[in-house]
Amino acid sequence: MTAETILAANGKNSLTVTDGIIESSWAPGSFVDIADARDALKATAAITGSGRMPMLSVMTDVEISAAARYEFAKSSDVLAIAVLGSSAVDRVIAAATSRDTDYPHEFFTSRAEALAWLRGFLEDSDGPEIGGLAAGNPAPGYSDAANR
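No experiment lies behind these values; they were computed from the predicted model shown.

(A) Structural detail: the sheet that holds strand 1 (residues 6–8). The six strands are arranged 1-2-3-5-7-8 in an open sheet whose pairing can be described as mixed. Of all the strands in the sheet, the pair left with one neighbour each is strand 1 and strand 8 (105–108). Between one strand axis and the next, the sheet turns through 25 degrees on average, direction left out of account. The pairing of strand 5 (residues 53–58) with strand 7 (residues 78–84) spans six bridges and is classified as parallel. Bridging across to strand 7, proline 54 finds its partner in alanine 80.

Here it is as C-alpha coordinates:
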(Lines give C-alpha, C1' and ligand atoms only; values in the text may rest on other atoms or scores of the structure.)
Protein backbone atom coordinates (compact mmCIF):
# COMPACT_ATOMS: atom_id res chain seq x y z
CA MET A 1 0.00 0.00 0.00
CA THR A 2 1.34 3.44 -0.93
CA ALA A 3 1.22 6.07 1.77
CA GLU A 4 -1.20 8.91 1.11
CA THR A 5 0.26 12.39 0.94
CA ILE A 6 -1.43 15.48 2.33
CA LEU A 7 -0.37 18.85 0.96
CA ALA A 8 -0.48 21.89 3.23
CA ALA A 9 0.69 25.50 3.13
CA ASN A 10 -0.27 26.02 -0.51
CA GLY A 11 1.68 22.93 -1.51
CA LYS A 12 4.93 24.00 0.17
CA ASN A 13 4.54 21.21 2.75
CA SER A 14 3.79 17.54 2.13
CA LEU A 15 3.00 15.09 4.90
CA THR A 16 3.05 11.30 4.80
CA VAL A 17 3.14 8.59 7.46
CA THR A 18 5.42 5.59 7.32
CA ASP A 19 5.73 3.07 10.14
CA GLY A 20 4.06 5.42 12.63
CA ILE A 21 6.29 8.43 11.88
CA ILE A 22 4.98 11.55 10.14
CA GLU A 23 7.32 12.95 7.51
CA SER A 24 6.77 16.65 6.94
CA SER A 25 8.76 17.84 3.93
CA TRP A 26 9.04 21.51 3.06
CA ALA A 27 9.94 22.51 -0.49
CA PRO A 28 13.54 23.78 -0.62
CA GLY A 29 13.66 27.55 -0.98
CA SER A 30 10.31 28.03 0.77
CA PHE A 31 9.49 30.89 3.08
CA VAL A 32 7.17 29.68 5.86
CA ASP A 33 4.92 32.33 7.40
CA ILE A 34 2.42 31.98 10.23
CA ALA A 35 -0.45 31.05 7.88
CA ASP A 36 1.71 28.25 6.44
CA ALA A 37 2.60 27.05 9.94
CA ARG A 38 -1.04 27.02 11.04
CA ASP A 39 -2.08 25.08 7.95
CA ALA A 40 0.71 22.53 8.44
CA LEU A 41 -0.30 22.12 12.10
CA LYS A 42 -3.93 21.64 11.06
CA ALA A 43 -2.85 18.86 8.67
CA THR A 44 -0.74 17.26 11.41
CA ALA A 45 -3.69 17.34 13.82
CA ALA A 46 -5.85 15.64 11.19
CA ILE A 47 -3.26 12.89 10.83
CA THR A 48 -2.74 12.27 14.53
CA GLY A 49 -6.40 12.45 15.53
CA SER A 50 -6.42 12.59 19.32
CA GLY A 51 -2.95 11.05 19.68
CA ARG A 52 0.61 12.22 19.27
CA MET A 53 3.19 10.92 16.82
CA PRO A 54 6.89 11.45 16.19
CA MET A 55 7.74 13.62 13.18
CA LEU A 56 10.63 13.88 10.77
CA SER A 57 10.68 17.47 9.52
CA VAL A 58 12.69 17.91 6.34
CA MET A 59 13.64 21.58 6.18
CA THR A 60 16.66 21.94 3.92
CA ASP A 61 17.02 25.50 2.63
CA VAL A 62 13.76 26.70 4.25
CA GLU A 63 13.27 30.10 5.88
CA ILE A 64 10.77 30.34 8.75
CA SER A 65 9.39 33.58 10.15
CA ALA A 66 9.66 34.17 13.89
CA ALA A 67 5.87 34.00 14.20
CA ALA A 68 5.81 30.64 12.38
CA ARG A 69 8.59 29.26 14.62
CA TYR A 70 6.56 30.24 17.69
CA GLU A 71 3.43 28.63 16.19
CA PHE A 72 5.28 25.36 15.49
CA ALA A 73 6.62 25.32 19.05
CA LYS A 74 3.04 25.26 20.41
CA SER A 75 2.19 21.98 18.62
CA SER A 76 0.58 19.41 20.89
CA ASP A 77 0.22 16.71 18.21
CA VAL A 78 3.84 15.61 18.04
CA LEU A 79 5.66 13.27 20.38
CA ALA A 80 9.11 14.39 19.20
CA ILE A 81 10.57 16.12 16.15
CA ALA A 82 13.75 15.29 14.30
CA VAL A 83 14.65 18.14 11.96
CA LEU A 84 16.61 16.99 8.93
CA GLY A 85 18.78 19.61 7.28
CA SER A 86 22.10 19.90 5.53
CA SER A 87 23.74 23.17 6.51
CA ALA A 88 24.74 25.35 9.43
CA VAL A 89 21.88 27.69 8.50
CA ASP A 90 19.40 24.79 8.74
CA ARG A 91 20.84 23.94 12.18
CA VAL A 92 20.41 27.54 13.41
CA ILE A 93 16.80 27.65 12.19
CA ALA A 94 16.06 24.32 13.91
CA ALA A 95 17.63 25.57 17.15
CA ALA A 96 15.54 28.75 17.07
CA THR A 97 12.37 26.69 16.60
CA SER A 98 13.16 24.34 19.49
CA ARG A 99 13.45 27.03 22.18
CA ASP A 100 9.83 26.98 23.33
CA THR A 101 8.81 23.37 22.62
CA ASP A 102 7.33 20.97 25.15
CA TYR A 103 8.57 17.92 23.22
CA PRO A 104 12.03 16.58 22.37
CA HIS A 105 13.52 18.30 19.33
CA GLU A 106 16.82 17.39 17.66
CA PHE A 107 18.65 18.39 14.49
CA PHE A 108 20.18 15.76 12.18
CA THR A 109 22.04 15.71 8.89
CA SER A 110 21.54 11.94 8.57
CA ARG A 111 18.07 10.62 7.68
CA ALA A 112 18.92 7.18 9.11
CA GLU A 113 20.03 8.65 12.45
CA ALA A 114 16.96 10.89 12.64
CA LEU A 115 14.60 7.96 12.01
CA ALA A 116 16.43 5.76 14.52
CA TRP A 117 16.04 8.50 17.15
CA LEU A 118 12.32 8.86 16.38
CA ARG A 119 11.73 5.08 16.50
CA GLY A 120 12.89 5.19 20.11
CA PHE A 121 9.82 7.28 20.91
CA LEU A 122 7.52 4.76 19.24
CA GLU A 123 8.99 1.98 21.39
CA ASP A 124 8.55 4.06 24.56
CA SER A 125 5.06 5.31 23.74
CA ASP A 126 2.06 3.84 25.49
CA GLY A 127 -0.22 6.60 24.21
CA PRO A 128 -3.46 6.40 22.22
CA GLU A 129 -3.64 4.46 18.99
CA ILE A 130 -2.22 6.29 16.03
CA GLY A 131 -4.96 7.22 13.57
CA GLY A 132 -5.41 8.92 10.22
CA LEU A 133 -2.80 8.21 7.58
CA ALA A 134 -0.85 5.82 9.81
CA ALA A 135 -3.57 3.28 9.24
CA GLY A 136 -3.73 4.13 5.52
CA ASN A 137 -6.92 6.14 5.93
CA PRO A 138 -7.48 9.67 4.64
CA ALA A 139 -6.92 12.34 7.26
CA PRO A 140 -10.37 13.20 8.61
CA GLY A 141 -11.32 16.85 8.84
CA TYR A 142 -8.45 18.25 6.80
CA SER A 143 -8.75 19.90 3.44
CA ASP A 144 -6.12 21.97 1.70
CA ALA A 145 -8.77 23.07 -0.79
CA ALA A 146 -8.89 26.58 0.71
CA ASN A 147 -5.17 26.91 0.04
CA ARG A 148 -5.18 25.98 -3.65
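(B) The arrangement of the packing of aromatic side chains in detail. Summed over the entire model, instances satisfying the criterion amount to three aromatic pairs. Each ring, one from phenylalanine 108 and one from tryptophan 117, has its centre 5.6 Å from the other, and the planes form 50 degrees; the classification is tilted. In this structure phenylalanine 108 comes out as buried when scored by relative accessible area, which is 13%. The partly exposed category is assigned to tryptophan 117, whose relative accessible area is 24%. An angle of 75 degrees between the planes, with centres 4.9 Å apart, marks the rings of tryptophan 117 and phenylalanine 121 as edge-to-face. Of this pair, tryptophan 117 and phenylalanine 121 both sit in helix 4 (residues 111–124), four residues apart, which is roughly one turn of the helix.

(C) A look at the nonpolar core. With 25 residues, the main nonpolar core has Leu15, Ile22, Trp26, Val32, Ile47, Ile64 and Phe72 as its most contacted residues. Counting residues per element, the ones that place at least two in this core are strand 1, strand 2 (13–18), strand 3 (21–26), helix 1 (34–48), strand 5, helix 2 (66–73) and strand 7. No other element matches the five residues that helix 1 contributes to this core. Those residues in contact with valine 32 that lie beyond four places of it in its chain are Trp26, Ala37, Val62, Glu63, Ile64, Ser65, Ala68 and Phe72. If you look at the next biggest cluster of nonpolar residues, it comprises 10 residues, including Leu56, Phe108, Ala114 and Leu115.

Rules and cut-offs
- Residues numbered from 1 in each chain as written.
- Predicted model: local features only at pLDDT ≥ 70, side-chain atom pairs only at ≥ 80, totals over all residues.
- Heavy atoms only, no water.
- Pairing = 2+ DSSP bridges.
- Helix = DSSP H or I, 4+ residues; strand = E, 2+ residues; numbered from the N terminus.
- Axes fitted to C-alpha atoms, helices over the stretch in contact; angles between N-to-C directions.
- Phe/Tyr/Trp six-rings, centres within 6.5 Å; stacked < 30°, edge-to-face > 60°.
- Buried < 20%, exposed > 50% of the residue type's maximum accessible area, 1.4 Å probe, protein only.
- Core = buried A, V, L, I, M, F, W, Y, C linked by side-chain atoms within 4.5 Å.
- Contact = heavy atoms within 4.5 Å.

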